Amino acid sequence: MTAATDRFALPGILKLQPYSPGMPIDELQRRLGLSNVVKLASNENPLGPSPQVRAVLADAVQGNLALYPDGSGYALKRALSTYHDIAPECITLGNGSNDLLEFLSRIFLGPGRAALFSAHAFAVYALATQAQDAEAVVAPSLPADHPDAPYGHDLAAFSRVLAQRDDISLVFIANPNNPTGTSLSAEAVEAFLATVPPHVVVAYDEAYFDYMAPAHRGDATQWLTRFPNVVICRTFSKAYGLAGLRAGYSLSSPRIADLLNRVRQPFNLNSLALLAAEHALADQEHVGESVTLNIRERGRLTDACEALGLRVLPSQANFIAIDFGRDAAPLQQGLLEQGVIVRPMASYDMPTFLRVSVGTERENDRFLSALETLLA
Ligand SMILES: *Cc1c(COP(=O)(O)O)cnc(C)c1O
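None of the values given here were measured: they were computed from a predicted structure.

K.L.:
Explain the pattern of salt bridges residue by residue, including any values.
P.N.:
The full count for this structure, using the stated rule, is 11 salt bridges. Where D258 meets R255, a salt bridge forms, and the shortest distance between an N and an O atom there is 3.5 Å. Note that D258 and R255 are positioned in helix α10 (residues 254-263) at a spacing of three residues, about one turn of the helix. According to the relative accessible area criterion, D258 is partly exposed, its value standing at 34%. The partner of R300 in a salt bridge is E297, with the nearest N and O atoms 2.8 Å apart. Of this pair, R300 and E297 both sit in helix α12 (residues 284-307), three residues apart, which is roughly one turn of the helix. For E297, a relative accessible area of 1% translates into the label buried.

K.L.:
Before we move on, can you summarise the nonpolar core with the specific residues and values?
P.N.:
Side chains of nonpolar character tend, in soluble globular proteins, to be buried together. By size, the foremost hydrophobic cluster in this structure holds 57 residues, and its most contacted members are L116, I168, V171, I173, F192 and F236. No other element matches the six residues that helix α11 (residues 271-282) contributes to this core. Summarising the domain contributions, this core has at least three residues from each of domain 1 (9-39 + 285-375) and domain 2 (64-283). Sequence-distant contacts of V171, defined by excluding residues within four places in its chain, comprise L116, F158, L162, F192, V200, V201, V202 and A203. Counting residues in each nonpolar core, the second largest holds 30 residues, with F117, Y125, C233 and A321 among its members.

K.L.:
Report on the packing of aromatic side chains, specifying residues and quantitative values.
P.N.:
Any aromatic ring pair is given by two values, namely how distant the centres are and how the planes are angled relative to each other. Applying the stated criterion across every chain, the model contains 11 aromatic pairs. Their ring planes at 5° and their centres at 4.5 Å tell us that Y125 and F172 sit as a pair that is stacked. Taken together, the residues Y125 in helix α6 (residues 123-131) and F172 in strand β5 (residues 168-174) connect sequence positions 47 residues apart. Taken individually, Y125 and F172 each receive the classification buried, so the pair is uniform in this respect. The structure contains a cluster of three or more aromatic residues connected by ring pairs, namely F117, F122, Y125 and F172. Of note, R234 hangs over the ring of F209, and the distance from its end group to the ring centre comes to 3.9 Å.

The rules behind each value
- Residues numbered from 1 in each chain as written.
- Predicted model: local features only at pLDDT ≥ 70, side-chain atom pairs only at ≥ 80, totals over all residues.
- Heavy atoms only, no water.
- Salt bridge = Lys/Arg side-chain N within 4 Å of Asp/Glu carboxyl O.
- Helix = DSSP H or I, 4+ residues; strand = E, 2+ residues; numbered from the N terminus.
- Buried < 20%, exposed > 50% of the residue type's maximum accessible area, 1.4 Å probe, protein only.
- Core = buried A, V, L, I, M, F, W, Y, C linked by side-chain atoms within 4.5 Å.
- Domains from an automatic or database assignment.
- Contact = heavy atoms within 4.5 Å.
- Phe/Tyr/Trp six-rings, centres within 6.5 Å; stacked < 30°, edge-to-face > 60°.
- Lys NZ or Arg CZ within 6 Å of the ring centre and 35° of its normal.

Structure, rendered in structure tokens:
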């Protein structure tokens, strides 16, 4: 479908396929007339936000929401500055970390420029690149039978592309990666960064950082002095349980933060999101409980799927990618009909897989029993 008004629409936008999010619970309930729908499709924290955050928000809605929020995000940045031991000038706030990925694309991508990311990586990298009419260079992933990170990022392949092309301005790396759940060691990432030309900006997306085993984690903030071309992206949507409020941030050189702030709309975080994020950061105990639940249930889900003869990719995140060895679309449909929403991975070129977020014990049991019914 086209219209006369398409004439001056930017070519990159006309070719864009909108992001398709996990189906909302309400929608499936309406469609099926079911009341007890379980959503394990968007990697949210099944415990939700910390009780302190809920209390602060309940008070805040009684406050003056007619006033604009603090556009500088002073209090949240101060808290993040202490938490990461980094100067506030290095921090940029985003309406979710998605916002920051878009800012980076707007600053560094455009016609004649190219973005580099891995096959089977987060869908937003391709969308943000396309919207800027830049070229997407997709590095092949590690092979399906790789012992540590099947389908994961192949940083040697990234380095080869960077050595061959001089038009790459932005590199996206997710660690751990979504939708595979695979992770890279901090040493491997650091060694890769040493091969990246200093004018190439690296968006290092740590959306699932808190779910990584401590032995896998690095401290990327330590890299910023040596590699001022690195931008670390973090979010409050996953382990902090605030996906509904939209809050994320980046850590970068002050220079890149300055550029990010030029494209950021002045009030990109609303006052409730600012407040919630500040208090969520303060309640690390809640993050710890969320992570403990995740590790226990991720292990249980993985074992149960493997007992059904299915392959599960090694995950350092709050979801698992399950290989059914055949087109998974009918299985996804079969789960939907039983009121369980999971994520298909066909759009990630992995049509035999489903991605399942780790829920509460009860939610995971619902998924497992629906799956057993289908496979029986
Ligand atoms: C969920 C996710 C994000 C974060 O999205 P928000 O906009 O912060 O909600 C970023 N990167 C990856 C890889 C993700 O999976």
